[in-house]
Amino acid sequence: MHNFHDLVKRYKRYRLRRFLKFFAIGVVILFLVVGFFLYVTQQKAPISLVKKEIKSSNTEKPKIPQNKVKVVVKKETEIKIVPAKKIKKIKTDKLSKKSLKKYSLQFLVVEKGNTYLVKQRKKALEEIGFRNCKLTSYGKYIYLTCNETNNIKELDMYIKLAKRKKIDYLIDTQYVKVEVKTKKEPDVKKKVRKEISTPMLKMQNINLQQLQKSFSQTPNFNIALLIARNYYTNKAYKKAIIWAKKANQFNKDDADSWLIYAKSLHALKQNKQAKQLLRIFLQYEYSDEVENLLKQWENEQ
Amino acid sequence: MDYLELAQCFEERISSGYYHQNSEVIHIKNKIESIIDNDTKQLLFLTGEPGVGKSAFLNYLDGKFSYDIIKFDIPFLEPIDFVKILIKKTGSEVDNYSLEELIKQVISLYKNSNYIVVLDEAQLLSKDMIEIIRILADSKAFWFLLAMHKHESQKILKEPQFASRPHKVIQLQNISLDECKEYIYTELEKKDATLLANTITGKYIKYIHKLTQGNMRMLKKLLYTSFLLIDYAQKNNEDRYKSFDKCILTMAAIEIGLINA
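Residues numbered from 1 in each chain as written. Chains lettered and ligands numbered in written order. Predicted model: local features only at pLDDT ≥ 70, side-chain atom pairs only at ≥ 80, totals over all residues. Heavy atoms only, no water.

**Q** What am I meant to see in the overall build of chain B here?
**A** Looking only at helices and strands, one finds 13 helices and 5 strands in chain B. Taking all 261 residues of chain B together, 51% fall into the buried category. Counted over contacts in chain B with a minimum sequence separation of 6, partners at least 24 positions apart contribute 75%. Put simply, chain B shows about 12,700 Å² of open surface, and 47% of that area lies on carbon and sulfur atoms. (Helix = DSSP H or I, 4+ residues; strand = E, 2+ residues; numbered from the N terminus. Buried < 20%, exposed > 50% of the residue type's maximum accessible area, 1.4 Å probe, protein only. Contact = heavy atoms within 4.5 Å. Areas by Shrake-Rupley, 256 points an atom, 1.4 Å probe, with all protein chains shown as cover.)

Here you go:
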């Protein structure tokens, strides 16, 4: 055994190599496990809002800011929307009378740190046709909402769009405090009513040309209605009628387009047609505003 | 404990006196015996991996059957020499120098006798030798037992002269874990090394079997080298390597080439 010491060296080298091999395999497995874990957690990060709603009885709810209220409950394919009246009943007790409701479609709630992902989703939603998408940060979470509006019915066509594209969503209701300058109650009510009836886009002073351009690119109910409303406030009643009709082609159930149409006719002193128009609408749909306006006009006579 | 003496008991030996009869060997022996007793004279092929113990098995067969065994260990034979040897084994004189006449003579000499002609390393036989074996086997004067490596046997058995003739293939397998354990313990007990046998626990047996894959030649070589290493360590005060353990087995495996290090 003259090569005993050489053999010992070879044995030690072999042991070391074997150790390094197993160590490397261990490290690779560890990396894979950690990588897989991170991947899974990242995949879970963009919480599907609707699924979260279903599981809400069993799982922990994300912290939602106090002034946000979820309205939609989705069970597999069925979607139930709580009527607007009910929401009023529930909320008016808890919240100040001096607040204004804003509705929007909420698509995503993610933890902070996934901003890039949310921005990508925002871009994708805008490309599909959703408007005014924005990111709002509350506490640990970032919320992605689109189509903020004062009128819940204005969301109908976007809800249909979301359903068609199979995108999970919920209707987000937000209460915005209205600054009251005078202490008189009637003035506050007036202000609130004014705020409700004013659409988001109008507040941003988008000019008519821009609106018409964007309508030609993506024709939809909201833009047509905005243009009609704009013409109506500028007393261009005939053009308002044309755009109200266009809006009506997209959504016949929405009272706003009918109202602008009728008001424009009324302004053009075609009272009979205006009233007939509102009556036709009331045969199919119910609207406080339409009914009140019709009563008001009938009383005027 | 004299580890040098223990090493010697695992040395490769040809003598049948040292042959370890495990269950596989007994099974193969019984199988051959059954064929010889019940079938007509024909070719028998004993195949197996190199080192599985084919040569040792052939040596072990001598005297185990009612038939006499004529064994040829050297495969590089000329057909004429092969026939002459067979004639001389009977005590007869070679009458003629023509191969054809010699074949006739050898067939007539062995026709009513009970002989098994055993050829080791048959995969090395020349084509002429194979042809002579085929002619002699056809004469039904002999049993032929040809031992060859498993890999080469597959090619030889596909040759038309064998494929078309009655023959039997018997395969000698590598030993199992239990047979490996039984062999090591038996050999150690023969040398009164029961204490050492008790220290060779199941995990060492498993490691030995894993390293050697149950190949008898490698198993003997591994144990032989292991005991030599311990012997060297004891004589040179290498304290770390004085006892039988996994370290010694790994070193021995490196030494004999079972582990590439």
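**Q** What should I look at first to understand the sheet that holds strand 3 (residues 115–119) of chain B in this one?
**A** Remark on secondary structure: sheet strands pair via backbone hydrogen bonds, oriented parallel or antiparallel. All names here are of chain B. Strand order in this open sheet of 5 strands is 2-3-4-1-5, and the pairing throughout is parallel. The outermost strands of the open sheet, each flanked by one partner alone, are strand 2 (68–72) and strand 5 (167–171). Sheet twist, expressed as the average angle between the axes of neighbouring strands with direction ignored, equals 20°. Direction of pairing for strand 3 relative to strand 4 (residues 143–149): parallel, over a ladder of 4 bridges. Its bridge partner lying in strand 4, V117 is registered against F144. Running over the sheet, helix 4 (residues 79–89) touches strand 2, strand 3 and strand 4 and is turned about 150° from strand 2. Sitting on the sheet, helix 6 (residues 127–138) is in contact with strand 1 (43–48), strand 3 and strand 4, with an inclination near 145° to strand 4. (Pairing = 2+ DSSP bridges. Axes fitted to C-alpha atoms, helices over the stretch in contact; angles between N-to-C directions.)

**Q** Whenever I open this one, the interface of chain A and chain B confuses me. Can you help?
**A** By convention, interface size is frequently given as the accessible area that disappears when the constituent parts associate. Facing the 11 residues of chain A at the interface are 16 residues of chain B. Inspection of the region where chain A meets chain B yields 0 salt bridges. Counting across the interface, chain A meets chain B through 4 residue pairs in polar contact (both at pLDDT 80 or more). The residue makeup of the side of chain A that touches chain B, split by class, is 6 nonpolar, 2 polar and 3 charged. (Salt bridge = Lys/Arg side-chain N within 4 Å of Asp/Glu carboxyl O. Polar contact = N/O pair within 3.5 Å; in protein donor to acceptor, adjacent residues only side chain to side chain. Nonpolar A, V, L, I, M, F, W, Y, C, P; charged D, E, K, R; others polar.)

**Q** When you look at the packing of helix 5 (residues 99–110) of chain B against helix 6 of chain B in this model, what are you seeing that I'm missing?
**A** In helix packing, the relevant descriptors are the interaxial angle and the interaxial distance, both defined with respect to the helix axes. All names here are of chain B. Packing of helix 5 against helix 6 leaves a shortest axis separation of 10 Å and a crossing angle of 40°. Judged by the inter-axis angle, helix 5 sits oblique to helix 6. Two packed elements cross with a definite hand, and for helix 5 against helix 6 that hand is right-handed. Every residue of helix 6 that contacts helix 5 at L99, I103, V106 and I107 is listed here: I132, I135 and L136. (Parallel < 35°, antiparallel > 145°, perpendicular 65-115°, else oblique. Left-handed = near helix turned anticlockwise from the far one by under 90°.)

**Q** It is not clear to me how the confidence of the model for chain A should be interpreted in this structure. Could you clarify?
**A** Residues shown with low pLDDT carry predicted positions that ought not to be read at fine detail. Residue and element names in this part refer to chain A. On average, residues of chain A score 74 in pLDDT, and 70% of them reach the 70 mark or higher. Put simply, strand 3 (residues 78–81) is where chain A has its lowest mean pLDDT, 38, and helix 1 (residues 4–44) is where it has its highest, 91. Long-range and interchain partners of residues 46–97, a stretch whose pLDDT sits below 50, account for 78 contacts in this model, where long-range means more than four residues apart. The low-confidence segment residues 181–204, where pLDDT is below 50, has 27 contacts with residues more than four positions distant or belonging to other chains. (pLDDT = per-residue confidence, 0-100.)

**Q** Is there a simple way to explain helix 3 (residues 54–61) of chain B in this structure?
**A** Two residues of an α-helix separated by three or four positions point the same way, owing to the 3.6 residues in each turn. Residue and element names in this part refer to chain B. Buried residues dominate helix 3, accounting for 7 of its 8 residues. Taken residue by residue, helix 3 has K54, A56, F57, L58, N59, Y60 and L61 as its buried positions. Of the surrounding secondary structure, the elements contacted by the buried residues of helix 3 are helix 2 (23–38), strand 1, strand 2, strand 3 and strand 4. Backbone geometry just downstream of helix 3 places G63 in the positive-phi region, at approximately 85°.

**Q** Explain the nonpolar core to me, please; I cannot follow it from the model alone.
**A** Soluble, globular proteins show a tendency: their nonpolar side chains are buried together. Within the largest apolar cluster, 46 residues are counted, with the highest numbers of intra-cluster contacts made by I184(B), L188(B), F227(B) and F244(B). Taken together, the elements giving at least two residues each to this core come down to helix 1 of chain A together with helix 1 (3–9), helix 9 (177–190), helix 10 (194–199), helix 11 (202–212), helix 12 (216–235) and helix 13 (246–256) of chain B. It is helix 12 of chain B that contributes the most residues to this core, 11 residues altogether. For F244(B), the contacting residues outside a window of four places in its chain are L196(B), I200(B), Y204(B), I208(B), L223(B), S226(B), F227(B), I230(B) and L249(B). Counting 33 residues, the second largest nonpolar core, distinct from the first, contains I107(B), Y115(B), A122(B) and I132(B). (Core = buried A, V, L, I, M, F, W, Y, C linked by side-chain atoms within 4.5 Å.)

**Q** Mind showing me how you'd approach a positive patch on the surface here?
**A** Together, R15(A), R18(A), K21(A), K203(B), K210(B) and K246(B) make up a region of like positive charge exposed at the surface. Those elements that provide at least two residues to the positive patch are helix 1 of chain A together with helix 11 of chain B. Broken down by element, the residue count for the positive patch peaks at 3 residues, all from helix 1 of chain A. You can see R18(A) is positioned in helix 1. (Patch = residues over 30% accessible without salt bridge, like charges linked within 9 Å, V, L, I, M, F, W, Y side chains within 5 Å. Lys, Arg positive; Asp, Glu negative; His and termini not counted. Charge placed at Lys NZ, Arg CZ, Asp CG, Glu CD.)

**Q** Where do I start with the environment of A247(A) in this structure?
**A** Residues and elements named next belong to chain A. In this fold, A247 is placed in helix 10 (residues 237–250). For A247, a relative accessible area of 0% translates into the label buried. Apart from residues no more than four positions distant in its own chain, A247 is found in contact with F221, A224, L225 and S257.

**Q** Sorry if this is basic, but what is going on with the pattern of salt bridges here?
**A** Any two side chains of opposite charge can pair, so long as their charged atoms come close to each other. What the rule picks out here adds up to 12 salt bridges over all chains. A salt bridge links R134(B) to E131(B), with the shortest nitrogen-to-oxygen separation between them at 2.5 Å. Of this pair, R134(B) and E131(B) both sit in helix 6, 3 residues apart, which is roughly one turn of that helix. Residue classification places R134(B) among the buried positions, given a relative accessible area of 15%. By sharing partners, the salt bridges in this structure join E154(A), R229(A) and D256(A) into a single network.

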